[in-house]
Amino acid sequence: MSNLEIKNLHVSVETPEGEKQILKGVDLTVGDGEIHAIMGPNGSGKSTLAYSIAGHPKYKITEGEVLLDGENIVEMTADARARAGLFLAMQYPVEVAGVSVSNFLRAAKTAVSGETPKLREWVKEMKTAMENLKINADFANRDVNFGFSGGEKKRLEILQLELLKPKFAVLDETDSGLDVDALRLVSEGVNRAHRANGNGILLITHYTRILRYIKPQFVHVFVDGKVALSGGPELADRLEEEGYAKYEAE
Ligand SMILES: Nc1ncnc2c1ncn2[C@@H]1O[C@H](COP(=O)(O)OP(=O)(O)O)[C@@H](O)[C@H]1O
Ligand SMILES: [Mg+2]
């Protein structure tokens, strides 16, 4: 069981017009093995928060810290953070031409665990995980995300979550663009990974519908680069009724 503490996080990016501040003092603690949802309007900085936790080099942390199980990770490279147990399911997964899904997954597993998984067990585990997510076996030989539909890309992200078994997972709008069946499959995958590994989860979403399947203990409203309000699951219901405008105005 792992926890994540974000303290007074300020993040900026370089733009042609100069440095732009996006995160303006994020404070958030996800306790051991908890699931927290972050909800907020488009452009409020949710993906920036996800990238900043994962270590995207474009996002410059100008102030504050991020602690994974008490260890400050902000000086670490993205791959070092992954080895430390962090995982990011991206809102827009990238296509990697020339790298097959099976090679990618095995290389990723080897990189994060420090040893090559035993082939027989690995193939079995991969097959089961793919069946659970209803990913056709052919996908193992296809290039990563290349020509995948939106829903297929999101399922591949969750396949990684299940196989890599991170200590802490940030899921950035894993629900967006999914139909009801895909949403259920993806949610079941997240719940299965959580049950098996007890990982902490930060679930970023724009809509409340994924919260019918994945039950967070806490919900945070994210507005203009910081947490505007935190509460229990009932907060999500209020957002569904009221929208975000009220919090944006404040
Ligand atoms: N790499 C970047 N360069 C310039 N602006 C960026 C970059 N990344 C994010 N932004 C800006 O920061 C704001 C927050 O974006 P983002 O984190 O993607 O929000 P959200 O995920 O909540 O929709 C937006 O105004 C966006 O245009
Ligand atoms: Mg986003």
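None of these values were measured; they are calculated from a predicted model.

A.B. asks: Can you walk me through helix α3 (residues 101–113) in this structure?
C.D. replies: Within an α-helix, residues lying three or four positions from one another point in the same direction, as the helix has 3.6 residues per turn. Here α3 is 13 residues long and its end C-alpha atoms lie 18 Å apart, about the 18 Å a rise of 1.5 Å per residue gives. All of the buried residues in α3 are Val101, Leu105, Ala108 and Lys109. The buried side chains of α3 occupy one side of the element, clustering within an arc of 100 degrees when seen end-on. On its buried face, α3 is in contact with β7 (96–100), α4 (119–132), β8 (143–144) and α5 (150–164). Positive backbone phi, approximately 85 degrees, marks Gly114, located one or two places after α3.

A.B. asks: I'm lost on the site of ligand 1 in this one. Help?
C.D. replies: Residues in close proximity to ligand 1 total 14 residues, the closest being Gly43, Lys46, Ser47, Thr48 and Tyr59. Taking Gly43, its main chain carries an N or O atom lying 2.7 Å from an oxygen atom of ligand 1. Contacts to ligand 1 include Gly45, whose backbone N or O atom sits 3.1 Å from an oxygen atom. Protein burial of ligand 1: of its 570 Å² of free accessible surface, 69% is covered by the chains. Those elements that place two or more of their residues in the shell around ligand 1 are β1 (4–15), β2 (18–30) and α1 (46–54). Broken down by element, the residue count for the shell around ligand 1 peaks at three residues, all from α1. For the shell around ligand 1, the class distribution of residues is four nonpolar, seven polar and three charged.

So, how was this worked out
Residues numbered from 1 in each chain as written. Chains lettered and ligands numbered in written order. Predicted model: local features only at pLDDT ≥ 70, side-chain atom pairs only at ≥ 80, totals over all residues. Heavy atoms only, no water. Helix = DSSP H or I, 4+ residues; strand = E, 2+ residues; numbered from the N terminus. Expected span 1.5 Å × (residues − 1). Buried < 20%, exposed > 50% of the residue type's maximum accessible area, 1.4 Å probe, protein only. Arc of directions from axis to C-beta. Contact = heavy atoms within 4.5 Å. Near = heavy atom within 4 Å. Polar contact = N/O pair within 3.5 Å; in protein donor to acceptor, adjacent residues only side chain to side chain. Areas by Shrake-Rupley, 256 points an atom, 1.4 Å probe, with all protein chains shown as cover. Nonpolar A, V, L, I, M, F, W, Y, C, P; charged D, E, K, R; others polar.

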